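Structural characterization, general
Residues per chain are reported as follows:
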Amino acid sequence: MRIFFLQLLLFCATSLHSEQTEHQHNYIGSHGMVLFNAGDTLLASHLPLYRPPHDYQLVYQLALPAAAQQALLTSLRSGQQLTLLPQDFDLRQMIEGKVFHLSAAVYQGHFERNGRLWLDNVQVTFARQLYSRPLQQLTVASAAHYDVINIADSHFLLHRIAAAPSFDQILQLEQPLAAPLILPATDASTTLQHLSASGIHATQLYLETADFQ
């Protein structure tokens, strides 16, 4: 009986360790991001999905070596879409708001959709978490909800992804908003029209619909 009890304890401990290791490894992997800027500040928005561990909307302030950062800022100001693909890392570092450093590749366009590799092995510092929202216990939206992110003299709207069908969208505002925004539409194609009708001028920086259908 004593031997059986010890064997049972060993089995439970091994199973628990295996589950913990598997859970940890789920977060360690490829986590792409779209880049945008607030003046001279470089920003990255994690490209979320509904399934874990990618089910987080996250925005971070980045710092790159001076020459690389200037090249990215110049490209972004010209309207070029840039995406970032860091080396495999633990997404919990972003979720928990930590400061950390990684090597990454920068793509012109979306790295998963015919984007072209532009810069490789760029050293990136994830300097500050600006936004974090889990995509859990979502409901189907009857309106489009946007959170406001103000960084220095730049102002952004980030769509709160709802249950499918939904969308990931980043808009830059000409003027600041003091509170989250609700629009009477759930279709991203009409967002700018609704904003304009409300006297709010914005530019769309990023839109993703296919991953949220």
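Everything below is about the structure printed above this text.
All values derive from a computational prediction rather than experimental measurement.

1. Here's the deal with the overall build of the protein chain
Counting its secondary structure elements, the protein chain contains four helices and 13 strands. By residue count, 44% of the 213 residues in the protein chain fall in the buried class. Once local pairs closer than 6 in sequence are excluded, the contacts in the protein chain between residues at least 24 apart make up 63%. Carbon together with sulfur atoms contributes 52% to the accessible area of the protein chain, which is approximately 11,400 Å² in total.

2. Brief notes about unusual backbone geometry
The amide bond that connects Pro 52 to the next residue, Pro 53, takes the cis arrangement and shows omega of 5°. Of note in this structure, Asn 114 is not a glycine but carries a positive phi near 65°. Inspection of the secondary structure assignment puts Asn 114 in the loop between strand 7 (100–108) and strand 8 (116–134). Judged by its relative accessible area of 81%, Asn 114 is exposed. Positive phi is not limited to glycine here, since Gln 137 has a value of about 55°. Looking at the secondary structure, you find Gln 137 in the loop between strand 8 and strand 9 (144–151).

3. Observations regarding the sheet that holds strand 13 (residues 202–208)
With antiparallel pairing, five strands are arranged side by side in an open sheet as 12-9-10-11-13. Edge positions in the open sheet fall to strand 12 (181–183) and strand 13, since each of these has one partner strand only. Neighbour-to-neighbour, the strand axes of the sheet open up by a mean angle of 25°, direction not taken into account. In this structure, strand 10 (residues 154–159) lies alongside strand 11 (residues 168–173), joined through four bridges in antiparallel fashion. Looking across to strand 11, one finds that Leu 157 is bridged to Leu 171.

4. Overview of the pairing of strand 5 (residues 82–86)
Here strand 5 lies mainly inside the structure; four of its five residues are buried. Here strand 5 runs beside strand 7; their pairing, made up of five bridges, is antiparallel. Considered in strand 7, the bridge of Pro 86 is made with Ala 104.

5. Quick word on the nonpolar core
One finds Leu 35, Leu 62, Leu 64, Leu 84, Met 94, Val 124 and Phe 126 to be the most contacted residues of the largest nonpolar core, which totals 27 residues. Only strand 2 (33–38), strand 3 (41–46), strand 4 (56–63), helix 2 (66–77), strand 5, helix 3 (92–95), strand 7 and strand 8 provide two or more residues apiece to this core. Apart from residues lying up to four places away in sequence, Leu 62 is in contact with Leu 35, Leu 42, Ala 44, Gln 69, Leu 84, Val 124, Thr 125 and Phe 126.

6. With respect to helix 2
Taking 1.5 Å as the rise per residue, helix 2 with twelve residues should run 16 Å; its terminal C-alpha atoms sit 16 Å apart, in good agreement. Residues of helix 2 that are buried: Ala 68, Gln 69, Leu 72, Leu 73, Ser 75 and Leu 76. One face of helix 2 carries all of its buried residues, which in axial projection span an arc of 165°. Seen from the buried face of helix 2, the exposed residues on the opposite side, beyond 90 degrees, are Ala 66 and Ala 67. In this fold, the buried residues of helix 2 make contact with strand 2, strand 3, strand 4, strand 5, strand 7 and strand 8. With its phi angle positive at about 95°, Gly 79 sits one or two positions after the end of helix 2.

7. A closer look at the environment of His 110
One can find His 110 in the loop between strand 7 and strand 8. Sequence separation between His 110 and Thr 83 is 27 residues; the distance between their C-alpha atoms is 5.7 Å.

8. Looking at the sheet that holds strand 8
Spatially, the six strands close up into a barrel ordered 2-3-4-8-7-5, and their pairing is antiparallel. Going from strand to strand, the sheet's axes swing by 45° on average, the running direction of each strand aside. Where strand 2 and strand 5 come together, two bridges link them in antiparallel fashion. Bridge pairing in strand 5 links Val 34 to Thr 83. Of the strands in this sheet, strand 2, strand 3, strand 4, strand 5, strand 7 and strand 8 are in contact with helix 2, which crosses strand 2 at around 85°.

Criteria and cut-off values
Residues numbered from 1 in each chain as written. Predicted model: local features only at pLDDT ≥ 70, side-chain atom pairs only at ≥ 80, totals over all residues. Heavy atoms only, no water. Helix = DSSP H or I, 4+ residues; strand = E, 2+ residues; numbered from the N terminus. Buried < 20%, exposed > 50% of the residue type's maximum accessible area, 1.4 Å probe, protein only. Contact = heavy atoms within 4.5 Å. Areas by Shrake-Rupley, 256 points an atom, 1.4 Å probe, with all protein chains shown as cover. Pairing = 2+ DSSP bridges. Axes fitted to C-alpha atoms, helices over the stretch in contact; angles between N-to-C directions. Core = buried A, V, L, I, M, F, W, Y, C linked by side-chain atoms within 4.5 Å. Expected span 1.5 Å × (residues − 1). Arc of directions from axis to C-beta.

Taken by themselves, the reported measurements are silent on function.
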